Protein chains: 2
Amino acid sequence: MSIPDPTTAKTDFSHPSPDRIMQLGLGFMASKTLLSAAELGVFTKLAGHSMEGEALSRELGLHPRGARDFLDALVAMGLLQRNGQIYSNSPEADFFLDRAKPSYIGGLLEMCSARLYSIWGSLTEGLRTGKQQNEAKSGIGSPFAAIYANPDRLRGFLQAMTGLSMGPARAMAEEFPWQKYKTFADVGGAQGGVAVQIALRHPHLNGIVFDLPPVKPVCEEYVRSFGLGERLQFAAGDFFNDLLPKVDVVIMGHILHDWDLADKKRLIAKAYEAIPEGGAFLALDCVIDDERRKNATGLLMSLNMLLESPGGFDYCGCDCCDWMREAGFRETRVEHLVGPDSMVIGIK
Amino acid sequence: MSIPDPTTAKTDFSHPSPDRIMQLGLGFMASKTLLSAAELGVFTKLAGHSMEGEALSRELGLHPRGARDFLDALVAMGLLQRNGQIYSNSPEADFFLDRAKPSYIGGLLEMCSARLYSIWGSLTEGLRTGKQQNEAKSGIGSPFAAIYANPDRLRGFLQAMTGLSMGPARAMAEEFPWQKYKTFADVGGAQGGVAVQIALRHPHLNGIVFDLPPVKPVCEEYVRSFGLGERLQFAAGDFFNDLLPKVDVVIMGHILHDWDLADKKRLIAKAYEAIPEGGAFLALDCVIDDERRKNATGLLMSLNMLLESPGGFDYCGCDCCDWMREAGFRETRVEHLVGPDSMVIGIK
């Protein structure tokens, strides 16, 4: 502890408050409260009907000690509403956090509550060692092996990916000139979250969701629930070892960031191979701004890849454009979608 | 999965984006990034001089893989600045997050990184069982026993409390009519964070920091570093089992919320005993708004007490005023200090 200059100590009183730092530093509390609420199914329970606090707590299996603080914290965070002792969902929570609605994005939050939150507890170790901190901490095998080996975990992961992609998928459906194309494949398409949004918006398109064989039933159930079974097919394959489907547009959403540079380039080359002259490759990710100063979420996603994979990282738009041109794409551009997400577009 | 009405599915496109929910749900990533930065001493290393990124990473012991993303995420979060590859502290971080400055509040963040972040990983279990989830998960003994038993952990905890109280302590020094009083005691005063701010601002006051014996050296070092050894004394004692010092004003900062209702009332009665007619008792906490709708931080602090203590909880101003009147205080009021903190004032 240094001896402060008393003048400085006095002027401290007029200095800005430490509020912003404290709020950021303690932000994990609000975050984990939402994650636990998603895990406990609070918003699903309240979907469509309000409930008295004690009855709600009982049905959720909450001990009385913390229940009221928990529910009122969700009120203060704008996720629940309360009238007297009667709780209901905010419109936002009702739309996005009810498991029974197709607009559900809580799968990602459930996965964060079950896995990512605690994996991030080892961030300091990850930064010191450069090694992943998840189930595959031993470093053996694909980072996805642990997830794909367990059907429940796989379903949770696939739903999480749908949650992560819902916003950008809608923007991608709106903003890309789909009228020019007839077919697309979402490579590593998981449950089909992106493919469904595009197919819903553009009835002239036929699409393929390409992913590993265990994904098939989960994807087909999801696609059928939207009545899109005719226009969206599942194709089983490994995007490193199998040929990609021949289509007009190849999409990879939150795929490139999982892999190291050599694998990123392999995937870009495979996308190039799969499409015809004039076809397009859309790489959707939390693309980092070229100056690496603004997109905090993109940079945090890259740290997430440090913790989740042996070599993955998120990237700037300019880097991805370079890799695409190196692969032969004649035209590339970056388009912002929504929030932290952008797509890098390569035209062959 | 329910079958959605296709009309609804179409109107989904115009619905607000899930951005806010995602940002809140993934908020733990930004939060943990700041906590790890505090733990690693990033801002202390950069205090007063900028450094090239690679040299900085090397001195911090960071592996090259994640270092640049980590530092640039701190840039995007407004905590570092970068000019070319040269990093420096933002003014805010330099003032509040340099360990060598008396304005350091990072002790709390270091404690969060080392303890609270992972304890909050068990929030769901805490909500289901109503039981604390920290080192004293077994439920035996005081929640503070584990902290006070280890000198390093104790010092970290005491510094954390100084960080937590810095903002409200300054506001309390400004806003309370201290000219009416000559002496005060900060009961459970820890390192002396609150007492120092009040004594710096009001040279006519003499104060006592009252806390358990192991706190003495940590407090005295801190107080001396401000040149306040003459006016601030440490008095060792247990606030449940020993008499409190007789003074004009008794302060308890972030103390009442640690305990169950019976203990809260015992402490209020002891404060009443310690002061003369006309004396004041100031209870500083993240006082929850009476409607329990606004102060999210207060409600989250109460969940923190669920995880950290066998019976503690945060409270509304109206409840605390009731308890004070029950103890004999003739006048009570709540005054907002800064951010989520208020003080409840009782005049005897």
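Novice: When you look at unusual backbone geometry in this model, what are you seeing that I'm missing?
Specialist: Residues and elements named next belong to chain B. Of note in this structure, A190 is not a glycine but carries a positive phi near 55°. Counting through the fold element by element, A190 comes out in the loop between β4 (183-187) and α12 (193-201). Note on A190: relative accessible area 8%, which makes it buried. We note that R292 has phi near 55°; this positive angle belongs to a residue other than glycine. Counting through the fold element by element, R292 comes out in the loop between β8 (280-285) and α15 (296-308). By relative accessible area, which is 7% here, R292 ends up buried.

Novice: How should I be thinking about the relation of the copies chain B and chain A in this particular structure?
Specialist: Copy one and copy two of the chain differ by a rotation about a common axis and a shift along it. Of the two same-sequence chains, chain B is brought onto chain A (RMSD 0.0 Å, axial shift 0.0 Å) by a rotation of 180°. Such a combination of rotation and displacement between the chain copies is what one expects of a two-fold axis. Of every C-alpha in chain B, the one belonging to F28(B) sits nearest the axis of rotation, 2.1 Å from it. Most of the interface of chain B is mirrored in chain A, where 100% of its interface residues again form contacts.

Novice: Explanation requested: the interface of chain B and chain A in the structure shown.
Specialist: Accessible area lost upon the coming together of the parts serves often as the stated size of an interface. On the side of chain A, 104 residues touch chain B, which itself brings 104 residues to the contact. Carbon and sulfur atoms supply 66% of the area buried between chain B and chain A, which totals about 9300 Å² over both sides. Here chain B and chain A share six salt bridges between them. A salt bridge links D72(B) to R292(A); the nearest nitrogen and oxygen atoms lie 2.7 Å apart. Viewed at the interface, chain A and chain B are joined by 42 residue pairs in polar contact (both at pLDDT 80 or more). Partitioning the side of chain B that touches chain A into residue classes produces 53 nonpolar, 30 polar and 21 charged.

Novice: What should I look at first to understand the pattern of salt bridges in this one?
Specialist: Charged atoms that come close allow side chains of opposite charge to pair. Under the criterion given, the structure shown has 36 salt bridges over all chains. Put simply, R20(B) and E92(A) hold a salt bridge, and the shortest N to O gap is 3.3 Å. One end of the pair, R20(B), is in helix α2 (residues 19-25); the other, E92(A), is in helix α7 (residues 91-96), on a second chain. In this structure, a network of salt bridges that share partners links the residues D69(A), D72(A), R82(A) and R292(B).

Novice: I tried to follow the pairing of strand β7 (residues 249-253) of chain B on my own but got confused; where do I start?
Specialist: Side-chain positions along a regular strand alternate between the two faces of the sheet. Residue and element names in this part refer to chain B. Burial analysis of β7 places five of its five residues in the buried class, the great majority of the element. The alternating pattern of β7 places V249, I251 and G253 on one face and V250 and M252 on the opposite face, and all of these are buried. For β4 and β7, the ladder comprises three bridges, and the chain directions are parallel. The residue bridging A185 from the neighbouring strand is V250, located in β7. With five bridges connecting them, β7 and β8 associate as parallel partners. Of the residues in β8, the one forming a bridge with I251 is L282.

Novice: Explanation requested: the side chain of D248(B) in the structure shown.
Specialist: Structurally, D248(B) is set in the loop between β6 (232-236) and β7. Among buried charged residues, D248(B) stands out as having no salt bridge; its nearest opposite-charge side chain is K182(B), 7.0 Å away.

Novice: Got a minute to help me understand helix α13 (residues 216-225) of chain A in this structure?
Specialist: Residues and elements named next belong to chain A. For α13, every residue scored as buried is listed here: V218, C219, Y222, V223 and S225. Within α13, the buried residues cover an arc of 160° as seen down the axis, which keeps them to one side. In α13, those exposed residues whose orientation departs by more than 90 degrees from the buried face are P217 and R224. Looking at the buried side of α13, the elements it contacts are α11 (151-175), α12 (193-201), β5 (206-211) and β6 (232-236). Positive phi appears at G227, one or two residues downstream of α13, with a value of about 70°.

Novice: Hey, could you run me through the sheet that holds strand β1 (residues 51-52) of chain A in this one?
Specialist: Sheets are built from strands that pair by backbone hydrogen bonding, the pairs being arranged parallel or antiparallel. Residue and element names in this part refer to chain A. Within the open sheet, the three strands sit side by side as β1-β3-β2. Their pairing is antiparallel. The open sheet has two edge strands, β1 and β2 (80-83), and neither has a second partner. Sheet analysis places β1 next to strand β3 (residues 86-89), joined by two bridges and oriented antiparallel. Counterpart to M51 in the pairing with β3 is Y87.

Novice: How do you make sense of helix α6 (residues 64-76) of chain A when you look at a structure like this?
Specialist: Think of an α-helix as 3.6 residues a turn; residues three or four steps apart then line up on the same face. The terminal C-alpha atoms of α6(A) lie 19 Å apart, and with 13 residues this matches the ideal 18 Å at 1.5 Å per residue to within 8%. Downstream of α6(A) by one or two residues, G78(A) has phi in the positive range, about 80°.

Novice: I would appreciate a short explanation of the nonpolar core in the present structure.
Specialist: In summary, soluble globular proteins display a tendency toward joint burial of nonpolar side chains. Formed by 255 residues in total, the largest nonpolar core has its most connected members in F28(A), V42(A), F28(B) and V42(B). The contacts of V42(B), once residues within four sequence positions are left out, are A37(B), L60(B), F70(B), L71(B), L74(B) and L80(B).

Novice: Help me out: how do you make sense of the packing of helix α11 (residues 151-175) of chain B against α12(B) in this one?
Specialist: Each pair of packed helices can be summarised by the angle the axes make with each other and by the distance between the axes. Residue and element names in this part refer to chain B. Running from N to C, α11 and α12 point in directions that differ by 30°, and their axes come no closer than 8 Å. Considering the angle they form, α11 stands roughly parallel to α12. In the crossing of α11 with α12, the sense of the turn from one axis to the other is right-handed. Of α12, the residues touching α11 (which contributes T162, S165, M166, A169, R170, M172, A173 and E174) are G193, V194, Q197, I198 and R201. Of the residues belonging to the contact of α11 with α12, the class tally is six nonpolar, four polar and three charged.

Novice: Would you take a moment to explain the sheet that holds β5(A) for this structure?
Specialist: All names here are of chain A. What the seven strands build is an open sheet, ordered β6-β5-β4-β7-β8-β10-β9; its pairing is mixed. Every other strand in the sheet has two partners, leaving β6 and β9 (331-338) as the edge strands with one partner each. Mean inter-strand twist for the sheet, computed between neighbouring axes without regard to direction, equals 20°. Bridge analysis of β9 against strand β10 (residues 341-347) gives seven bridges, and the strand direction is antiparallel. The partner of E335 across the bridge, within β10, is M343. Together, β7 (249-253), β8 (280-285), β9 and β10 form the strand contacts of α11, whose direction differs from that of β9 by roughly 125°.

Here is what the cut-offs are and how they apply
- Residues numbered from 1 in each chain as written.
- Chains lettered and ligands numbered in written order.
- Predicted model: local features only at pLDDT ≥ 70, side-chain atom pairs only at ≥ 80, totals over all residues.
- Heavy atoms only, no water.
- Helix = DSSP H or I, 4+ residues; strand = E, 2+ residues; numbered from the N terminus.
- Buried < 20%, exposed > 50% of the residue type's maximum accessible area, 1.4 Å probe, protein only.
- Least-squares fit on C-alpha atoms with pLDDT ≥ 70 in both.
- Contact = heavy atoms within 4.5 Å.
- Buried area = accessible area lost by both parts, 1.4 Å probe.
- Salt bridge = Lys/Arg side-chain N within 4 Å of Asp/Glu carboxyl O.
- Polar contact = N/O pair within 3.5 Å; in protein donor to acceptor, adjacent residues only side chain to side chain.
- Nonpolar A, V, L, I, M, F, W, Y, C, P; charged D, E, K, R; others polar.
- Pairing = 2+ DSSP bridges.
- Lys, Arg positive; Asp, Glu negative; His and termini not counted.
- Arc of directions from axis to C-beta.
- Expected span 1.5 Å × (residues − 1).
- Core = buried A, V, L, I, M, F, W, Y, C linked by side-chain atoms within 4.5 Å.
- Axes fitted to C-alpha atoms, helices over the stretch in contact; angles between N-to-C directions.
- Parallel < 35°, antiparallel > 145°, perpendicular 65-115°, else oblique.
- Left-handed = near helix turned anticlockwise from the far one by under 90°.

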